[in-house]
Amino acid sequence: MLLAAAAAVALVAVVTAVLGRGSGAGGGGTATTSSSSTTSAAALLAGLERAATGAPVDGIECQTTEQVLFHIHAHLAVYVDGRARGIPEGIGIAPPRHEVQTPDGPFVDGGSCYYWLHSHTADGIIHIESPVQRTLTLGNWFDLWGQPLSATQVGPATGPVIAYVNGQRYGGEPRSIPLEAHALIQLDSGRDVPPEPFSFPAGL
C-alpha cells in the first residue's frame, strides 16, 4: 500500500514536471538544444514493435507499479549521419499503454506493467526506478527496446558508433555505459556530432 502511494506521488511529480517545461521555471527546467519538441519531431530511430511486453529482460522485471526505492533519471540522444533520431515514448511500459497529450507532446501514464527502466515521453529521458539500488546500463535499455547496440550498430543504423557521456568521449563498449543520475549520453553513427546540451526538467 505504501509503495503504491509512493509510486502515485512520483507519477504526479513526473507529470507536473513535464507540464511545467514551458513555464520558464528555474533549476534546469527547460531543455536546450536537445529539447523535447526537437527530439519528438525527429524521425524515430526505431519504434516499439520489438520492445519488451512483460517478460523479464536481463533480470529486469516488469511490475504493476513503478518502483521508487531507487529513482534517478538519465538522458539519451542519438544522431545518425549528423541528424537527430527520435526515441519513442513508452519503452519499458508494457502494452496496452495509456497515453495523454501534454503541451510538450504525448505522455505515457500507464500500461500493464512497468520495467525498472522506462520512458514516459519522447524526449530521451530514461526513468530508472528500481526496488533495489543497482547499476543498470545502456545495453539494458536497448534490450528492453528490442534494438541492437554495439560499437558498430545502434538500432537499425550500422557503422562505427561514437559515444559521449557528460560531454566526454566514452572509450568502452556503448552497451556498458552506466545509467547514472543525470547522465547525458549521446550516440553518433555515421558522423561525429559534438555533444549537444540538455537540461532536465525541474523535479527530475
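Nothing here was measured: the structure is a model prediction, and the numbers come from that model.

1. Here's the deal with the overall build of the protein
Moving on, step 1. When helices and strands are counted, the protein shows 3 helices and 15 strands.
Moving on, step 2. Each of the 204 residues in the protein was classed as buried or not, and the buried ones make up 49%.
Moving on, step 3. Sequence-distant contacts in the protein: of pairs separated by 6 or more residues, those separated by 24 or more amount to 70%.

2. What to know about the nonpolar core
Moving on, step 1. Core analysis: the biggest nonpolar cluster contains 38 residues, and Leu 76, Leu 138, Trp 141, Phe 142 and Leu 187 have the highest contact counts within it.
Moving on, step 2. Mapped onto this core, the elements with two or more residues apiece are strand E2 (70-80), strand E7 (113-115), strand E9 (125-130), helix H3 (138-145), strand E13 (161-165) and strand E15 (184-189).
Moving on, step 3. Here this core gets 6 residues from one element, more than from any other, and that element is E2.
Moving on, step 4. Residues in contact with Trp 141, not counting those within four places in the same chain, are Leu 76, Ile 91, Leu 117, His 118, Ser 119, Ile 126 and Leu 179.

3. A closer look at the side chain of Thr 102
Moving on, step 1. Inspection of the secondary structure assignment puts Thr 102 in strand E5 (residues 98-102).
Moving on, step 2. From its side chain, Thr 102 meets the backbone oxygen of Gly 105 in a polar contact 2.7 Å long.

4. Comments concerning the side chain of Ser 189
Moving on, step 1. As for its position among the elements, Ser 189 is in strand E15.
Moving on, step 2. The contacts of Ser 189, once residues within four sequence positions are left out, are Tyr 79, Val 80, Asp 81, Val 154, Ala 157, Thr 158, Gly 159 and Pro 160.

5. Some details on the pattern of salt bridges
Moving on, step 1. This model, assessed by the stated rule, comprises 1 salt bridge.
Moving on, step 2. Here Asp 143 ties to Arg 175 by a salt bridge, and the two come within 2.8 Å at their closest N and O atoms. With Asp 143 in helix H3 and Arg 175 in the loop between strand E14 (168-169) and E15, this residue pair connects regions lying 32 residues apart in the sequence.
Moving on, step 3. When its relative accessible area of 29% is taken as the criterion, Arg 175 is described as partly exposed.

6. Focus: the sheet that holds strand E10 (residues 149-150)
Moving on, step 1. Read across the open sheet, the 3 strands follow the order E10-E11-E12; overall the sheet is antiparallel. Of all strands in the sheet, those bounded by a partner on one side alone are E10 and strand E12 (157-158).
Moving on, step 2. Examined bridge by bridge, E10 and strand E11 (residues 153-154) share 2 bridges and lie antiparallel to one another. Bridge assignment links Ser 150 to a residue of E11, and that residue is Gln 153.

Quick notes on the rules
- Residues numbered from 1 in each chain as written.
- Predicted model: local features only at pLDDT ≥ 70, side-chain atom pairs only at ≥ 80, totals over all residues.
- Heavy atoms only, no water.
- Helix = DSSP H or I, 4+ residues; strand = E, 2+ residues; numbered from the N terminus.
- Buried < 20%, exposed > 50% of the residue type's maximum accessible area, 1.4 Å probe, protein only.
- Contact = heavy atoms within 4.5 Å.
- Core = buried A, V, L, I, M, F, W, Y, C linked by side-chain atoms within 4.5 Å.
- Polar contact = N/O pair within 3.5 Å; in protein donor to acceptor, adjacent residues only side chain to side chain.
- Salt bridge = Lys/Arg side-chain N within 4 Å of Asp/Glu carboxyl O.
- Pairing = 2+ DSSP bridges.

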